[in-house]
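Structural features, examined
These are the residues of each chain, in order.
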Amino acid sequence: MKNILLIGLFALSLNGISQNKKASNLETITLGGGCYWCVEAVYENLDGVKSVVSGFSGGNVANPTYEEVCTGETGHAEVVQITYDKNVTDINEIFKVFFTVHDPTTLNRQGADVGTQYRSVIFYKNAEQKKAAESIISELNKAKIYKNPIVTKVEPFKVFYKAEDYHQNYYSNNKNQPYCKMVIQPKLEKFEKVFKDKLKKK
């Protein structure tokens, strides 16, 4: 039922697909929705997404390592930096996926992953992204899609630090790992079911 309500609430039309995909049509958004391995795996399969890079944002230490961020003391959130073609998808679709595949009502937590580094956060890069994020959160709360209020923070983007190479494409490279099977795969299956018409052609 929740998925049906989400789809109905976000019945937003996409921009027309252009034959000439120019660099000016590319836009980037930085999102934190728990472990970046999970979020990365989902967006890598969304049509229109050109690249997904796992990393860190929102902290107070330059060039943090994964181990430093895991302590929760650097202030960073695990995030993915998504570059997408606005002729194929748009910011509303990006947010629609975001609020479907993670729980935006749990403060500093996603399932068993606990800590400020796992907080739900949107780092906007322009006024359009900020307006879209605040609007969607307001609509979801108003429609009571979730039992509890959304705690997702909407903050201006400052800097993004790419995580170590072994964190990139983590699910694709480690599908047999227990975490991938038990945590990431169910999220991916949910995404593929809800957004079956928005998947990249394989």
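As the structure is a prediction and not an experimental result, all values here were calculated from the model. (Residues numbered from 1 in each chain as written. Predicted model: local features only at pLDDT ≥ 70, side-chain atom pairs only at ≥ 80, totals over all residues. Heavy atoms only, no water.)

Digging into the sheet that holds strand S3 (residues 77-85)
Spatially, the six strands line up as an open sheet ordered S7-S6-S1-S3-S2-S8, and their pairing is mixed. Pairing within the sheet leaves two strands with one partner each, and these edge strands are strand S7 (153-156) and strand S8 (160-162). Between one strand axis and the next, the sheet turns through 35 degrees on average, direction left out of account. Each of strand S1 (26-33), strand S2 (49-57), S3 and strand S6 (120-124) touches helix H4 (residues 91-101); the most contacted strand, S1, lies at about 15 degrees to it. (Pairing = 2+ DSSP bridges. Helix = DSSP H or I, 4+ residues; strand = E, 2+ residues; numbered from the N terminus. Axes fitted to C-alpha atoms, helices over the stretch in contact; angles between N-to-C directions. Contact = heavy atoms within 4.5 Å.)

A short note on the pairing of S7
Of the strand pairs in this sheet, S6 and S7 are connected by four bridges, and their pairing is parallel. If you follow Phe123 over to S7, its bridge partner there is Glu155. This β-α-β element, S6 to helix H5 (residues 127-143) to S7, shows right-handed connectivity. (Right-handed = clockwise from strand over helix to strand, strands pointing away.)

Section: the UniProt feature "active site" (unreviewed entry) in the protein
With numbering matched to this structure, UniProt assigns "active site" (unreviewed entry) to Cys35. Here Cys35 lies in the loop between S1 and helix H2 (36-43). A relative accessible area of 7% means that Cys35 is categorised as buried. The contact partners of Cys35, leaving out residues within four places of it in the chain, are Glu78, Asp113, Tyr118 and Tyr179. (UniProt positions renumbered as here; feature names shortened; annotations may be inferred. Buried < 20%, exposed > 50% of the residue type's maximum accessible area, 1.4 Å probe, protein only.)

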